[in-house]
Amino acid sequence: MKAWAPARLVALALLCAGAGLAHADDADANSAGSLRAKYGALKDRLSHNPFQRPLTLDSSETSGRVTGDIHALINYPFATVGAALNSPGNWCDILILHLNTKYCRASNAGGEPVLNVSIGRKYDQPLDEAHRVAFAYRVAAQTPNYLQVRLNADEGPLSTRNYRIVLEAVALKEGQTFIHLSYSYAYGLVGRLAMQAYLGTTGRNKVGFTVAGTGSDGQPLHIGGMRGVVERNTMRYYLAIEAYLGALSELPQAQLEKRLHDWFAAVERYPRQLHEMEQGAYLDMKRREYRRQQAELRGVRAG
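Since the model is a prediction, treat every value here as computed from it, not as a measurement.

1. Topic: the state of the cysteines
For step 1, the next point in the chain: Summed over the entire model, instances satisfying the criterion amount to one disulfide.
For step 2, the next point in the chain: Sulfur-sulfur distance for the disulfide between Cys92 and Cys104 comes to 2.0 Å. Across the disulfide from Cys92 to Cys104, rotation about the S-S bond amounts to roughly -65°, and the bridge is consequently left-handed. Here Cys92 is found in helix H5 (residues 88-95), whereas its partner Cys104 is found in strand S3 (residues 101-109), with 12 residues between them in sequence. Comparing Cys92 with Cys104, the two get one shared label, buried.

Printed below as a string of structure tokens:
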């Protein structure tokens, strides 16, 4: 197993190790009524935004923590959304769409569901060179009209911690579903230095979606830095959820290909922020990773 440089390891962990979402400071913040109220408050932004879809994206950075939040209206009934997003195995099919997710397997640890995720580079990579993160999976709330799912990893590499993924979904009268995806992680000094090294080299020209001002040429200036990082990855994970839901109408044997094609097409709608590789390279890489994942799953079951 090759040793990764600390900066590369932490940067990848911060970039992709899918952490966290929603703010759960009190029970009311996670209720169906509160989420419906949020939908009402965001109606204007959902109708008028640069994303060409009913979606809002916000981010924040505090000392030692960064967060991204997406709220979106999706054209699937809550029954479909709730059934799809309350299964650990389905979340692995969602997470593997991301460029940097090399592997995901749902298992049980002490009777509780866990997602064993391997995070690596955006190109082909042996699993023993990827970094593994175990996310505790929990359905925090589930009613006929509301769902909240949490993925938590308390520790990551080199001073990263408190990885959180939270997904909320609520039924609307129109047969649609309103969802909230929030992504956050905490980091220490080593993590900050590693990310600063990334942002000063490979990531120096990368930006997020929030417009921070206007350039001398009249063009919008998008936010960069760590908020740019979290915005890009929050969007990638949201688009993975959409791609997963969109493929459910296909026959089981056709769903993977539809998910892969739809996720890549959705990402390419925002090339300034999200373009990383060409479609053929992405499809080839993900097909190999999926085959590798399935082969290991068969081995685990056989054992």
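2. Brief notes about the confidence of the model for the protein
For step 1, the next point in the chain: Scored by pLDDT, the protein comes out at a mean of 86, with 83% of its residues at no less than 70.
For step 2, the next point in the chain: For residues 16-29, every residue scores under 50 in pLDDT, and the model assigns this stretch 54 contacts once sequence neighbours within four places are set aside.

3. Some points on empty space enclosed by the protein
For step 1, the next point in the chain: Taken as a whole, this structure holds two cavities of 30 Å³ or more when the rule is applied.
For step 2, the next point in the chain: Of the voids in this model, the second largest cavity is the one considered here, and its volume is about 50 Å³.
For step 3, the next point in the chain: Take the lining of the second largest cavity: its biggest share by element is three residues, from helix H8 (residues 252-267).
For step 4, the next point in the chain: For the lining of the second largest cavity, a count of residues per class yields six nonpolar, one polar and three charged.

4. Quick word on the pairing of strand S2 (residues 65-74)
Looking along a regular strand, one sees the side chains alternate between the two faces of the sheet.
For step 1, the next point in the chain: Among the 10 residues in S2, nine count as buried, and that is most of the element.
For step 2, the next point in the chain: Sheet topology places strand S1 (residues 55-62) next to S2; eight bridges connect them, and they run antiparallel. Within the sheet, the bridge partner assigned to Leu55 lies in S2 and is Ala72.
For step 3, the next point in the chain: Between S1 and the antiparallel strand that follows it, S2, lie two residues; Gly64 among them carries a positive phi value of about 85°.
For step 4, the next point in the chain: Pairing between S2 and strand S8 (residues 177-187): 10 bridges, direction antiparallel. Looking at the pairing, Val66 lines up with Tyr185 of S8.

5. Let's talk about the environment of Asn108
For step 1, the next point in the chain: One can find Asn108 in strand S3.
For step 2, the next point in the chain: Sequence separation between Asn108 and Ala136 is 28 residues, and the spatial gap between their C-alpha atoms is 9.3 Å.

6. Section: the pairing of S8
For step 1, the next point in the chain: Most of S8 sits inside the fold, with 11 of its 11 residues counted as buried.
For step 2, the next point in the chain: Of the two faces of S8, the one carrying Thr177, Ile179, Leu181, Tyr183, Tyr185 and Tyr187 and the one carrying Phe178, His180, Ser182, Ser184 and Ala186 are both buried.

7. Let's talk about the packing of H5 against helix H7 (residues 225-247)
For step 1, the next point in the chain: Contact pair H5 / H7: the axes reach a minimum separation of 8 Å and the direction vectors enclose 115°. For the element pair H5 and H7, the recorded crossing hand is right-handed. Between H5, through Asn90, Trp91, Asp93, Ile94 and Leu95, and H7, the contact on the second element is made entirely by Tyr237, Ala240, Ile241 and Tyr244.
For step 2, the next point in the chain: Residues that form the contact of H5 with H7 fall into these classes: seven nonpolar, one polar and one charged.

8. Quick look at H7
For step 1, the next point in the chain: The end-to-end C-alpha distance of H7 is 34 Å, a good match for the 33 Å that 23 residues give at a rise of 1.5 Å each.
For step 2, the next point in the chain: Among the 23 residues of H7, 20 are classified as buried, and the element is accordingly described as predominantly covered.

9. Re the environment of Gly82
For step 1, the next point in the chain: Mapped onto the elements of the fold, Gly82 is located in helix H4 (residues 78-85).
For step 2, the next point in the chain: Once the C-alpha coordinates of Gly82 and Ala171 are considered, the two residues, 89 residues apart in sequence, prove to be 9.3 Å apart.

10. Overview of the nonpolar core
For step 1, the next point in the chain: Ranked by internal contacts, the top residues of the largest apolar core, which has 64 residues, are Trp91, Tyr238 and Tyr282.
For step 2, the next point in the chain: Residues in contact with Tyr238, not counting those within four places in the same chain, are Arg53, Leu55, Ile70, Ala72, Ile74, Ile179 and Leu181.
For step 3, the next point in the chain: In this structure, Tyr39, Leu42, Leu73 and Leu172 belong to the second largest nonpolar core, which totals 10 residues.

11. A look at the pattern of salt bridges
For step 1, the next point in the chain: Scanning the model with the defined rule gives 13 salt bridges in all.
For step 2, the next point in the chain: Across the pair Asp124 and Arg288 runs a salt bridge whose closest N-O atoms are separated by 2.4 Å. Of this pair, Asp124 sits in the loop between strand S4 (112-119) and strand S5 (131-143) while Arg288 sits in helix H10 (residues 279-302); the two residues are 164 residues apart in sequence, bridging distant segments of the chain.
For step 3, the next point in the chain: On the accessibility criterion, Arg288 (37% relative accessible area) is partly exposed.
For step 4, the next point in the chain: Residues Lys258 and Asp262 are paired through a salt bridge, measuring 2.9 Å at the closest nitrogen-oxygen approach. Taken as a pair, Lys258 and Asp262 lie in helix H8 at a separation of four residues, close to a single helical turn.
For step 5, the next point in the chain: With a relative accessible area of 25%, Lys258 lands in the partly exposed category.
For step 6, the next point in the chain: If you follow the salt bridges from partner to partner, you end up with Lys122, Lys206, Arg236 and Glu276 in one network.

Rules behind the numbers
- Residues numbered from 1 in each chain as written.
- Predicted model: local features only at pLDDT ≥ 70, side-chain atom pairs only at ≥ 80, totals over all residues.
- Heavy atoms only, no water.
- Disulfide = S-S within 2.5 Å.
- Helix = DSSP H or I, 4+ residues; strand = E, 2+ residues; numbered from the N terminus.
- Buried < 20%, exposed > 50% of the residue type's maximum accessible area, 1.4 Å probe, protein only.
- pLDDT = per-residue confidence, 0-100.
- Contact = heavy atoms within 4.5 Å.
- 1 Å grid on protein atoms, 1.4 Å probe; cavity = no way out; pocket = protein on both sides within 12 Å on 5 of 7 lines; lining within 4 Å.
- Points joined across faces, edges and corners; volume = space filled by probe spheres on them.
- Nonpolar A, V, L, I, M, F, W, Y, C, P; charged D, E, K, R; others polar.
- Pairing = 2+ DSSP bridges.
- Axes fitted to C-alpha atoms, helices over the stretch in contact; angles between N-to-C directions.
- Left-handed = near helix turned anticlockwise from the far one by under 90°.
- Expected span 1.5 Å × (residues − 1).
- Core = buried A, V, L, I, M, F, W, Y, C linked by side-chain atoms within 4.5 Å.
- Salt bridge = Lys/Arg side-chain N within 4 Å of Asp/Glu carboxyl O.

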